[in-house]
Amino acid sequence: LWGRTIYLNIQRFILFQLTVNFTAILIAVLGPFIGVQLPLTVIQMLWVNLIMDTFAALALATEPPVKSIMENKPRNPKEFIITKSIAKHIISTGTLFVVVLLAMIFMYKSDGNMDPKELTIFFSTFVILQFWNMFNARAYGTKGSVFAGLSKNKTFLMIAGVILVGQIVMVQFGRKIFRTVPLSPTEWAAII
């Protein structure tokens, strides 16, 4: 039970991490082709990769064992850790995120250039998409919803709260360091 749970938790983090990176790489590569040199700054990417992903790894590693995992067939020890279903999830979810983010860029660029507020909303939307992706990754390998058994994992909830509050504080007070401007509660509600 514990061995299967640990392996599944590693797969969950890989699923989460590669979806984030797939999205970020495509946005960074496509941005200049559509006229946005830096849709995400280096500091913003460091925030996503160092802070958010580290906490997400801790959150996904703390998922407790679920007895139903023992109903699964034993996995082939020669099978690659990234299964076809994980690869499909990474590509489909990452592509959906890229489409949403590109639509935002096109919408904001329709009046010429993206101003600091629009770039802040774009960055925050990127992070919140990955925040919700963490919940999706948590549900990988289960037959339940992303919220099933959530109250049993207080560590996951605490880390999710830290990530969400950290993002809001960083945007509200990051200013020049993170290339952000404060957003209103209504804008935060819409992003979330």
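To start, this report covers the structure provided alongside it.

Quick notes on the rules
- Residues numbered from 1 in each chain as written.
- Predicted model: local features only at pLDDT ≥ 70, side-chain atom pairs only at ≥ 80, totals over all residues.
- Heavy atoms only, no water.
- Salt bridge = Lys/Arg side-chain N within 4 Å of Asp/Glu carboxyl O.
- Helix = DSSP H or I, 4+ residues; strand = E, 2+ residues; numbered from the N terminus.
- Buried < 20%, exposed > 50% of the residue type's maximum accessible area, 1.4 Å probe, protein only.
- Phe/Tyr/Trp six-rings, centres within 6.5 Å; stacked < 30°, edge-to-face > 60°.
- Lys NZ or Arg CZ within 6 Å of the ring centre and 35° of its normal.

1. Considering the pattern of salt bridges
Logical step 1: The final tally for this structure, using the stated rule, is two salt bridges.
Logical step 2: Across the pair arginine 138 and glutamate 63 runs a salt bridge whose closest N-O atoms are separated by 2.9 Å. In this pair, arginine 138 is assigned in helix H4 (residues 116–139) and glutamate 63 in the loop between helix H2 (42–61) and helix H3 (84–109), connecting sequence segments 75 residues apart.
Logical step 3: Residue classification places glutamate 63 among the buried residues on the basis of a relative accessible area of 8%.

2. A look at the packing of aromatic side chains
Logical step 1: One pass over the structure, following the stated rule, counts six aromatic pairs.
Logical step 2: Aromatic side chains phenylalanine 131 and tryptophan 132 sit 5.3 Å apart centroid to centroid with 75° between the ring planes, which places their arrangement in the edge-to-face category.
Logical step 3: Aromatic pair phenylalanine 131 and phenylalanine 135: ring centres 5.4 Å apart, planes at 65°, arrangement edge-to-face. On the criterion of helical spacing, the pair formed by phenylalanine 131 and phenylalanine 135 is a turn pair, its members being four residues apart in helix H4.
Logical step 4: You can call phenylalanine 131 buried: its relative accessible area is 6%.
Logical step 5: For phenylalanine 135, a relative accessible area of 6% corresponds to the buried category.
Logical step 6: Here arginine 75 stacks its cationic end above the ring of tyrosine 7, 3.7 Å away from the centre of that ring.
Logical step 7: When the ring centre of phenylalanine 156 is taken as reference, the NZ or CZ atom of arginine 138 above it lies at 5.5 Å.

So far we have only geometry, and geometry alone does not tell us how the molecule works.
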